[in-house]
Structure formats: structure tokens, C-alpha cells
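Overview (structure and organization)
One-letter residues, chain by chain:
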Amino acid sequence: SLVVRSPRQTVSLLRSRRPQFGRPERERQRNPKRGREPAAGPKPSEVYGFVGSITVVIATAVYLAWAYTPEPALRSLGITYYPTKYWALAVPSLAMVALALSLLAYLGSNFVATPAPTSFSTIFDEYSRERPAAATVPVDAATAQEDEEEEEAERPIEPISDISIHHINNLMFGDH
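Each chain carries its own residue numbering, running from 1 in the written order of its sequence. A pLDDT threshold of at least 70 governs which residues receive local features in this predicted model, and a stricter bar of 80 or more applies before side-chain atom pairs are shown or counted, although totals over entire chains, interfaces and linings include all residues. With hydrogens and water stripped out, all remaining heavy atoms of the structure feed into the side-chain values.

- By the naming in an unreviewed UniProt entry, the protein chain goes by PIG-P domain-containing protein and is assigned to Aegilops tauschii subsp. strangulata.
- UniProt positions are given in the numbering used here, feature names are shortened, and annotations may be inferred rather than shown by experiment. In its Subcellular location (unreviewed entry) section, the UniProt entry covering the protein chain states "Membrane".

What follows is the structure, given as C-alpha cells:
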């Protein structure tokens, strides 16, 4: 098992490990299909994106042709079954109003779900983690630098925690 106690150890272990390109020969013989190269050609997501973009361009062109072509010109082309021109303006207008109302509803739901600024839940809640108390050992000034260099290499990463409100107040306002 690999136990890492500090970021420096992680970096040194990553540098010392050599990359392993390819699999052992026995595994290739057991699963001959797994060793093959992937099939050449476009991915399905690329095909769907291309078809979707072409469809949007064609639909936009048909919409604009229907919206701006006069009715006598459409009848002369033999096109007699189409929606009234009212919908050429109504559909985009309704879509924009629906988008604006949905944005307002989203903002309103966020305001309703947010606690008041005077609430203690803005400072801490059930997911808050207090920082563990650090053990401080008095060190002689002559050996302080040597000990600090040795401890820095072996110092583990501190667990994720919240900064207490007392510490923030001391940093912002001093010891008043």
C-alpha cells in the first residue's frame, strides 16, 4: 500500500515512478479485442452536433422565408397551408417573455431559499468543520530553522475546515 504524508512526498513519488505504456503480453492474448485500435471516423456526438446545426440553419431559413414572403407569393408557389403571419411575431415574443419570467422565478426562488443576513446559519451549519487545534511546541531559536525545514518536508496536508468567525474578526478588526 502507498501512504503519502505530505505534498512533497507525492511529487517525489510521482517523479520516481516510470510510466507503463501498454499491457502485459498475457492480457493481450486473453482479450484480443481489447488491444485493437479504436475505429476511425467521427464520433456519434460529432455527427449529432453536425446534423443538429444543419437542421437549425434550415429551420431558421424556412421560418424567415415564411415570415417575410407575402401571402400572394406563397400562393403562386402552390403553398396554401401555412400558419397565419400573427405567429411569426407571437412565437418569438412568447419565447422571450417565458425566458425572462423563468429567470425571474429562478432569482426569486434563490432569494426565498437564502437565509437572512442576521441568521446564524450564514456563519455555521450542520456541515461546518472546525479546524483542529494545532499542538505548539516551544522551540529553541538556534535549532528553529533546522527543525522547520525538516518538518516542512514531512508536514501533512491539513484537513479541509472552516475558518472560525472569531479568527476572521481578529484578522479584519484586530484585537479590540
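**Thoughts on the UniProt feature "transmembrane region" (unreviewed entry) in the protein chain**
- With numbering matched to this structure, UniProt assigns "transmembrane region" (unreviewed entry) to residues 47-66 and 86-107.
- Within the segment residues 86-107, helix and strand shares are 100% and 0% respectively, and the terminal C-alpha atoms sit 32 Å apart. Numbering of helices and strands runs from the N terminus, with a helix taken as a DSSP run of H or I at least four residues long and a strand as a DSSP run of E at least two residues long.

**A few points about the confidence of the model for the protein chain**
- pLDDT gives the predictor's per-residue confidence on a scale running from 0 to 100. For the protein chain, per-residue confidence averages 79 on the pLDDT scale, and residues scoring 70 or more make up 71% of the total.
- By mean pLDDT, the top-scoring element of the protein chain is helix α5 (residues 86-113) (96), and the lowest-scoring one is helix α2 (residues 25-30) (53).

**Some points on the packing of aromatic side chains**
- The pairing test for Phe, Tyr and Trp rings, Trp by its six-membered ring, is centres within 6.5 Å, and the orientation test on the planes gives stacked under 30 degrees, edge-to-face over 60, and tilted for anything in between. Tallied over the full model, the rule gives two aromatic pairs.
- Measuring from centroid to centroid gives 5.0 Å for tyrosine 86 and tryptophan 87, while their planes differ by 80 degrees, and the two rings are edge-to-face.

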